[in-house]
Amino acid sequence: MVLFKSLNISAARMRVQGARLRVISESLANANFTAQAPGEQPYHKKTITFETVLDRARGVDLAQVKRIGNDASPFGCRNQPAHPAADRDGHVLTANVNALIEMSDMREAQRSYEANLRVVQTTRGMLEQTIGILRG
């Protein structure tokens, strides 16, 4: 039935947005992490990639997480000569996390999750109405 396919698609999209929120929250939690010793690297921002996979049993394309990896953007740098991880010039590497971008991504993930939740709620209501008519 088409309505069940709709539920499967929306549920899969909600799962990937939940995974996206977990990756974003990890990056935000570690945004201020610096190296602890000279030569060490600070926290690497995580990235998440999605893909669409055909579920032959259900006959639908479902979203899933393809890969979680590290962002290749350069680390930040602060001048803190007293920091234990400072190099000989007094610079300390900082995480490559931009909190403003992460917050924007978080809002986008939240909106996508909520949109798919509304699809599930609407589909559920349509199924309940159909059952009510059949019982009728």
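Here the structure is shown first, and the text comes after it.
Note that the structure is predicted; figures quoted are calculated from it, not measured.

Now for the overall build of the protein chain. Per the secondary structure count, the protein chain includes 2 helices and 4 strands. Along the protein chain, helices and strands appear, N-terminal first, in the series α-β-β-β-β-α. Relative to its length of 136 residues, the protein chain is extended, with a C-alpha radius of gyration of 22 Å against a globular reference of 14 Å. When its C-alpha atoms are laid out on the principal axes, the protein chain stretches across 80 × 25 × 15 Å. A total of 136 residues make up the protein chain; the buried ones form 28% of that total. Long-range pairs, those at least 24 residues apart, make up 58% of the contacts in the protein chain with a sequence separation of at least 6. Side chains of the protein chain give 18 positive and 13 negative charges; the mean places of these two sets differ by 8 Å.

Under the criterion given, the structure shown has 5 salt bridges. A salt bridge links R20 to E108, with the nearest nitrogen and oxygen atoms 3.4 Å apart. Of this pair, R20 sits in helix α1 (residues 2-29) while E108 sits in helix α2 (residues 99-135), placing them 88 residues apart in sequence. Here R124 makes a salt bridge to E128, at a shortest N to O gap of 3.1 Å. Here R124 pairs with E128, and both are found in helix α2, just 4 residues apart, close to one helical turn.

A word on α1. With 28 residues, α1 ought to run about 40 Å at 1.5 Å a step, and its terminal C-alpha atoms sit 41 Å apart, in line with that. Of the positions making up α1, those classed as buried are L3, S10, A12, M14, V16, Q17, G18, A19, R20, V23, I24 and S27. The elements touched by buried residues of α1 are β1 (46-55), β2 (60-70) and α2.

Where nonpolar side chains cluster on the molecular surface, the patch consists of F50, V65 and I68 and spans about 220 Å² of accessible area. Relative to the elements of secondary structure, V65 occurs in strand β2.

What counts and what doesn't
Residues numbered from 1 in each chain as written. Predicted model: local features only at pLDDT ≥ 70, side-chain atom pairs only at ≥ 80, totals over all residues. Heavy atoms only, no water. Helix = DSSP H or I, 4+ residues; strand = E, 2+ residues; numbered from the N terminus. Rg over C-alpha atoms; globule rule 2.2 N^0.38 Å. Buried < 20%, exposed > 50% of the residue type's maximum accessible area, 1.4 Å probe, protein only. Contact = heavy atoms within 4.5 Å. Lys, Arg positive; Asp, Glu negative; His and termini not counted. Charge placed at Lys NZ, Arg CZ, Asp CG, Glu CD. Salt bridge = Lys/Arg side-chain N within 4 Å of Asp/Glu carboxyl O. Expected span 1.5 Å × (residues − 1). Patch = residues over 30% accessible without salt bridge, like charges linked within 9 Å, V, L, I, M, F, W, Y side chains within 5 Å. Areas by Shrake-Rupley, 256 points an atom, 1.4 Å probe, with all protein chains shown as cover.

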